[in-house]
Every structure is written in structure tokens, then in C-alpha cells.
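Geometric and topological summary
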Amino acid sequence: MPHPELLLRARFEAALARAFGAEYQHTDPLLRRSDRADFQVNVAMSLGKALRRPPREVAQALLAELDLSDLCVEGGIEVAGPGFINLTLRNDVLSEALSELLADTALGVPKAVTPDVCVIDYGSPNIAKEMHVGHLRSSILGDTLARVLAFRGHRVVAQNHVGDWGTPFGMLIEHLVDVRQEGRAADLDPSELGDFYRAARVKFDTDPGFADRARTRVVQLQAGDAATLALWQQFVNSSKRYMAAVFERLGVGLVDADVRGESFFNAKLGELADELQARGIAVLDDGALCVFPPGFSGREAEPLPLIVRKKDGGFGYGATDLAALRFRHEVLGGTRLLYVVGATQQQHLAMVFAVANMAGWLEPPVRAEHVSFGSVLGDDRKMLKSRSGENIRLIELLDEAVERAHAAVLEKNPDLSEDERRRVARQVGIGAVKYADLSCDRIKDYVFDWRRMVAFEGNTGPYLQYAHARIHSIFRKAGDQQAGGAIRVLAPAERALALELLAFGRAVSEVEVTLEPHKLCGYLYGLATSFSSFFEACPVLKAPPEERASRLLLCELSARTLRTGLNLLGIDAPERM
RNA sequence: GCACCCGUAGCUCAGCUGGAUAGAGCAUCGGACUACGAAUCCGAGGGUCGGAGGUUCGAAUCCUCCCGGGUGCGCCA
């Protein structure tokens, strides 16, 4: 049996055509969950206007064309208020639908009809710079979207567009040369890279002679000087190891093979600039090669350029981003190009997309989307800048989260072995950090708050993990008694849980479309609270045999849905904690 | 100056793309453990949805204008 929601939708669409004519066949019946019934249909009100008939009459006319007795309880179809159609499903319909879910490894998440090749840009941490909390958002968001899209049947190609090229490397390389000449060990230990960068930065800002050498070094780097490249490569290698360690600790699926930094596109930039100029898309302006996409203006209302090639012949990130976009479509075969990049880049990305459009690199079905997200703010509500301020290091943040989780697990469940406790602490701590970030609307600024991250109550990762662990506790107690049988939904708490379980597919699909993982978080939280209420109201193991078997199946479905949902968020679901 | 984003309970946030009395969690107050795990559950109080207009049966949601906060706006990436 198909999903009840799909059945209802199909019935109403057909009824619309029968009642009002074939042109209404594809009218959205506006089927929604309701707090007054299981579902409500709101199409009568919107249609009343077009048909110039009272909405309640429209609703009645619709219902006259429908036989829902196999789906809804007797008296479970009513017209209320201005024309709401309230629907209450039969318990056996819910029971049967849940049995279907039980047999479905995808738990009701449909496969995409026309799969995309999704290329996901995870923002761009800079080589040779410490990763900080700002990188948390793009990594976690990108990883979650990758998991959700893959689960829906799309092909996902991750791209770690690291900043591994350009002017900062002049100063980094010169500083490395200095340090080695002074006979000190060249500290390229991944964990020390942040300090190294800061030291080079200070020297660059205070020592003019050093700054000159750094600039010369940039020219050598871009000219392909072998010795310079060798030094540069040391930074890249060290940084890659560092990033891999951070991603590993975070449980983010980015690997070395996904790294395709700015340097990769360097060789293609000249050709790209020439082509844009030859096609008349880019023009020389004050010595720089620029594209002026329509609709962008600067301070004096003058056209705003995307600079492809600077006056001095160098290339900026405009050129690199264009080359990368083209590469993702032409070489990687991407059809949906996602940029998980901070909101501060909004205008820049919009311009890159506009130029790519002009160049014909974004023809349907290829499209590009900016998965924008807000800044990370401190207690003072000000943006955490990366330049000179004391940032919280990502690694230290994760360590502390795990530590706090460890203390909590020790207190709540002293029976665990130290081995398991360490493993669980990692799952809970990292999960708490991720969930705190993912559960908020990404477009808004994120207030970084320790207490909130490690608070294990309310809409948090640990609460969801706890709900999952409790279910497994029942399984352990049940032992072999958990025979098959069928699900029979009867009690109110069972009905509420059933309706939640049936909504998983919708929640996942919504994230696929909106690219907003907090909707999945909201869904899972609702599921966990529904389960907790059920858990409180409906005894499982103490129930009579038939009921027990049914409720055990409800537990199984709940546990699987929670675990699958958490996994889509990149969060583990331990069986005890 | 122009463009984009944000403004919802004391705090942190939801609100399904226009639906019914705006919902959670912290915090406050009151209940429920001889336990299928109380990291839980049940209940109470708390709101002119920044403000003012407009669109219509109906607006936190869409349009316009203000107020407040943030971010961008030509050769750093």
C-alpha cells in the first residue's frame, strides 16, 4: 500500500478534475498535517475565489466525488470553519502503512526520479591556517547535504576548494626560509601551522624588507620556480594532513581526494581570460580584464565588475571561481552545483553565477545554488574574525565537547566500561556540537555558546541519542521475545507516533529541496518527543503478547528512523550511553 | 548613498512557502521514579510576531514605506 498521504493526494487530485473539470487535475489539494485531525485539505478556500462559489460548497462538491471509506474512519471526514476538510485516518490504514515502512530500508524516502550530479563546494579553508569555528558550519552543512542528497539517490561529488595559492604564500615561504636559516627546526607540524601563519603575518606587517621579499616570492611561485614550488608543496602536504585529522575527528566525509584547491585551476586561468575576452564578454577597463554582469552596481551607481585578470597580470578569486564552476560542469558532469559558503560572499557568488550564465556555462539542467549561512558570533554578538583576533581553535573546541560528554556519561551511566565510555563520549560530544549548529536555520547568524552546545536537554543531539539508546535498552531486555507479528496502532500515543514515523520521507525530501538541514532536526526532535510520550504511556514488555509484539515493532521502526536521521546529519547513534 | 540578510516569550530558537486559538527547549512554578533508562514525562504562567499601511474570506508568512542590527559595494583571497 502506498503512503497514506500520497493516496489522499491522488484521490483529491482526481476528485478535483471530476468535480470542476480536467483543467483542475493538477491543482495542488494543499494537503497538510493538522492538529485538529490527522490531515487537512485547504484547497476549497483557494478554489472558492476562482470558481466564485462559497468555499464550504466547494468542499462539499469535492467530497461528493470521493469515497474515502477505505482510508478514513467513519465520521473522520468533516468540513470545518471557512472550508477546511479535516481527515482522520483509520487505525488499520496506519498499521498497514507502518508495516510497509518496516520492510523498506529507505524508511519511506523515495529515490529521486531524475538524479542529479551534485557537486558540493565545502567552502574553502585556507592552507596553512588554523581551522576555527567558522569552518565548522561549512564542513558540517556540506557533509549533511552530501549525505541527504546521496540518500535520495543523487550522485555527490565533494570538492574541498582550499585556498592554497596567492599572495599569502609569498610571506609563508619567506618565513620558512628565514626560520631554516636561523637554524631552528622548521615547524611545519600540522598543529603548529596556525602559529606559523601568525608569525609570518606579523613580520609581513612590520618589516618592509620582508614584505618585499614575500611579494617577489609570490611572483616566483606563480612563475613555477622549482625551488619555490617545493617549499610551497611542504605547506600543502602539512595542511592536508592537518585538515584530514580535523575532518576525521569531526566525522566529516571529506577526504584527501576531494581536495581540489585554487592552485589546480591556475594553469587554466590564462585560457579562460582569453576566451572571455575573445567572445566579448570580458573587456579591458583601466588595465584590468573585467566582466560587467547586468544588475550589479557600486557606490556611485557605476557598473560593478567581476575582475578576471588584474592590472598586474595576476588572477584573483573571480577567475578561479569561474574556472572551478566550469570544471565542475564540463569535467565533473555536475548538474546541481552547490556552494556552501558564508553569507558575506553573497554578492561575489551572485556575480560569478551571472558571468557563468553569460558564458553559457549554466544552461539547464545545470544550475548553481549558494547555500548561504550566517556568521559565527561571540558572546558580544560580534563577528568572529579570522585575521588577528583570538579564535577558538576547532580542534580544541571538539576536545572540550568530548571531555564534557565524557563527564556526563560517567555520571549518568557509570556501568559502562572505560573503553565504551570513551567511544560514546566522542559520539555524544561531536554529535552535540554538530546538532547545535545544524538545528538552527543556516541563514541566520550563529551565536556560539558553550552551554548550549553541551546542554543535553531539549532540542539537542544527546536528547535524540538518548531516545535511541532507551529503545535499544528495551530490545536488550526483550531478548528473544521480540517475535514478528504485525503492527497494530490503537492508543492515542501510538497514533501520534505512527503519523510522525510516516513523515520521515517528507522531511528528508524537504532538505533535498531547501538545503536546510534544520528541518530534518526539527522532524527528528518531534519524532523523539512522540516516542518519549509513547514510551511513557504505553508499556511494551509488560503488555499482553500481541500488543507487546506490535509495540516492539513500533520501537524498531522508531529506532531505525532515529538512527537513519541522525546518520544523515553525520551523527552516530550509540545503543547505550 | 545603493544592494542583500536578519528582527517572534526574560534567554536560545521553530513556524511545513497564505490557513483555524503563534509553538518548542532553557529559566520560573506545580506534579510523576518499590524504574521496559527520570539525560525522561505530564501540567501552569509568560506574546500588540520591530513599527505603520496595503493585498483578501484569512498575514508571523506576500507588497510598499519607515525603525533598529549585520554584511557587501574595482584590482586581498
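The structure this text deals with has already been given above.
Here goes a summary of the coordinates provided. This one's a predicted model, so the numbers in the text were calculated from it and none came from an experiment.

A short note on the packing of helix α2 (residues 43–51) against helix α3 (residues 55–64)
Pairs of packed helices are described in terms of their axes, by the angle between the two and the distance that separates them. Taken N-terminus to C-terminus, the directions of α2 and α3 make an angle of 110 degrees; their axes are 8 Å apart at the nearest point. Classified by the interaxial angle, the pair formed by α2 and α3 is roughly perpendicular. Once α2 is placed against α3, the crossing between them reads as right-handed. Contact residues: α2 offers Val 43, Ala 44, Met 45, Leu 47, Gly 48 and Leu 51, while α3 offers Pro 55, Val 58, Ala 59 and Leu 62. Taken together, the residues of the contact of α2 with α3 sort by class into nine nonpolar, one polar and no charged.

Let's talk about the sheet that holds strand β1 (residues 31–33)
Judged by pairing direction, the sheet is antiparallel, and its four strands sit side by side in the order β1-β2-β4-β3 without closing on themselves. Two strands lie at the open edges of the sheet, namely β1 and β3 (72–80), each paired on one side alone. Strand-to-strand, the axes of this sheet are offset by a mean angle of 25 degrees, without reference to chain direction. Where strand β2 (residues 39–41) lies against strand β4 (residues 84–89), three bridges are found, and the strand directions are antiparallel. Bridge pairing links Val 41 to Ile 85 in β4. Of the strands in this sheet, β3 and β4 are in contact with α3, which crosses β3 at around 155 degrees.

Let's talk about the nonpolar core
Counting residues in hydrophobic clusters, the biggest one holds 146 residues, and the most contacted among them are Phe 12, Leu 87, Leu 98, Phe 235, Leu 397, Leu 520 and Phe 534. With near-sequence residues (within four places) excluded, Leu 98 lies in contact with Ile 487, Val 489, Ala 498, Leu 501, Leu 502, Leu 554 and Leu 557. Judged by nonpolar contacts, the second largest core, of 38 residues, contains Val 119, Ile 281, Ala 323 and Leu 349.

Remarks on the packing of helix α5 (residues 133–151) against helix α21 (residues 545–568)
Where α5 contacts α21, the axes come no closer than 8 Å and their chain directions differ by 125 degrees. Viewed along their axes, α5 and α21 adopt a mutual orientation that is oblique. Judged by residue contacts, Thr 144, Arg 147, Val 148 and Phe 151 of α5 engage Thr 564, Asn 567 and Leu 568 from α21. Looking at the contact of α5 with α21 residue by residue, the classes come out as three nonpolar, three polar and one charged.

A short note on the pairing of strand β7 (residues 282–285)
Strand direction decides the pairing type here: β7 and strand β8 (residues 288–291), joined by four bridges, are antiparallel. Its bridge partner lying in β8, Val 283 is registered against Cys 290. The antiparallel pairing of β7 with β8 creates a hairpin that spans two residues between the two strands, and Asp 286 there sits at a positive phi of about 55 degrees.

Overview of the protein's contact with RNA strand B
By nearness alone, 68 residues border RNA strand B, and Arg 36, Lys 310, Arg 381, Asp 441 and Phe 535 come closest of all. For RNA strand B, the fraction of protein-proximal atoms (within 4 Å) that sit in sugar or phosphate groups is 53%. At 3.3 Å from a phosphate oxygen of RNA strand B is found a side-chain nitrogen or oxygen belonging to Arg 32. At 2.6 Å from a sugar or linking oxygen of RNA strand B is found a side-chain nitrogen or oxygen belonging to Tyr 466. Elements that contribute at least two residues to the surface near RNA strand B include exactly α2, β4, β8, α13 (346–358), α14 (394–412), α17 (461–478), α19 (504–514) and α20 (518–537). No other element matches α17, which puts eight residues into the surface near RNA strand B. Its residues assigned to classes, the surface near RNA strand B comprises 26 nonpolar, 17 polar and 25 charged.

Focus: the sheet that holds strand β5 (residues 117–121)
The sheet built from four strands is open, its strands ordered β6-β5-β10-β11 with parallel pairing. The sheet is open, and its two borders are formed by β6 (155–159) and β11 (367–373), each paired with just one other strand. Shown here is a sheet whose adjacent strand axes are inclined to one another by a mean of 20 degrees, direction ignored. As paired elements, strand β10 (residues 336–342) and β11 share seven bridges and run parallel to each other. For Leu 338, the partnering residue across the bridge sits in β11 and is Glu 369.

Some words on the packing of aromatic side chains
Note on aromatic pairs: each is described by the distance of the centres and the angle between the planes. Evaluation of the coordinates by the stated rule reveals eleven aromatic pairs. Between Phe 196 and Phe 235, the aromatic rings sit 5.6 Å apart at their centres with planes inclined by 55 degrees, giving tilted as the arrangement. Taken together, the residues Phe 196 in helix α7 (residues 193–206) and Phe 235 in helix α9 (residues 226–250) connect sequence positions 39 residues apart. Classification of Phe 235 as buried rests on a relative accessible area of 0%. A cation over a ring is seen here: Lys 111 above Phe 151, with NZ or CZ 5.5 Å from the ring centre. Just above the ring of Phe 264 sits the side chain of Arg 260; from NZ or CZ to the centre is 4.9 Å.

Considering α21
In this model α21 runs 34 Å from its N-terminal to its C-terminal C-alpha over 24 residues, within 8% of the 34 Å that 1.5 Å per residue would give. Gly 570, located one to two residues past α21, shows a positive phi value of around 80 degrees.

With respect to the pattern of salt bridges
Within the structure shown, the criterion is met by 38 salt bridges. A salt bridge links Glu 130 to Arg 393; the shortest N-O distance between them is 3.6 Å. Highlighted residues: Glu 130 in the loop between β5 and α5 and Arg 393 in the loop between β12 (376–377) and α14, separated in sequence by 263 residues. Of the residues examined, Arg 393 reaches a relative accessible area of 23% and is grouped as partly exposed. Residue Asp 143 is joined to Arg 147 by a salt bridge in which the shortest nitrogen-to-oxygen separation is 2.9 Å. Note that Asp 143 and Arg 147 are positioned in helix α5 at a spacing of four residues, about one turn of the helix.

Remarks on unusual backbone geometry
That bond from Pro 364 to Pro 365 is cis: its omega, 5 degrees, falls within 30 degrees of zero. Summarising the element assignment, Pro 365 is placed in the loop between α13 and β11. The phi angle at Leu 30 is positive, at roughly 55 degrees, despite the residue not being glycine. Counting through the fold element by element, Leu 30 comes out in the loop between α1 (4–20) and β1. Even without a glycine there, the phi angle at Asp 286 is positive, about 55 degrees. Judged by relative accessible area, Asp 286 falls into the exposed class, the value being 61%.

The rules behind these values
Residues numbered from 1 in each chain as written. Chains lettered and ligands numbered in written order. Predicted model: local features only at pLDDT ≥ 70, side-chain atom pairs only at ≥ 80, totals over all residues. Heavy atoms only, no water. Axes fitted to C-alpha atoms, helices over the stretch in contact; angles between N-to-C directions. Helix = DSSP H or I, 4+ residues; strand = E, 2+ residues; numbered from the N terminus. Parallel < 35°, antiparallel > 145°, perpendicular 65-115°, else oblique. Left-handed = near helix turned anticlockwise from the far one by under 90°. Contact = heavy atoms within 4.5 Å. Nonpolar A, V, L, I, M, F, W, Y, C, P; charged D, E, K, R; others polar. Pairing = 2+ DSSP bridges. Core = buried A, V, L, I, M, F, W, Y, C linked by side-chain atoms within 4.5 Å. Buried < 20%, exposed > 50% of the residue type's maximum accessible area, 1.4 Å probe, protein only. Near = heavy atom within 4 Å. Polar contact = N/O pair within 3.5 Å; in protein donor to acceptor, adjacent residues only side chain to side chain. Phe/Tyr/Trp six-rings, centres within 6.5 Å; stacked < 30°, edge-to-face > 60°. Lys NZ or Arg CZ within 6 Å of the ring centre and 35° of its normal. Expected span 1.5 Å × (residues − 1). Salt bridge = Lys/Arg side-chain N within 4 Å of Asp/Glu carboxyl O.

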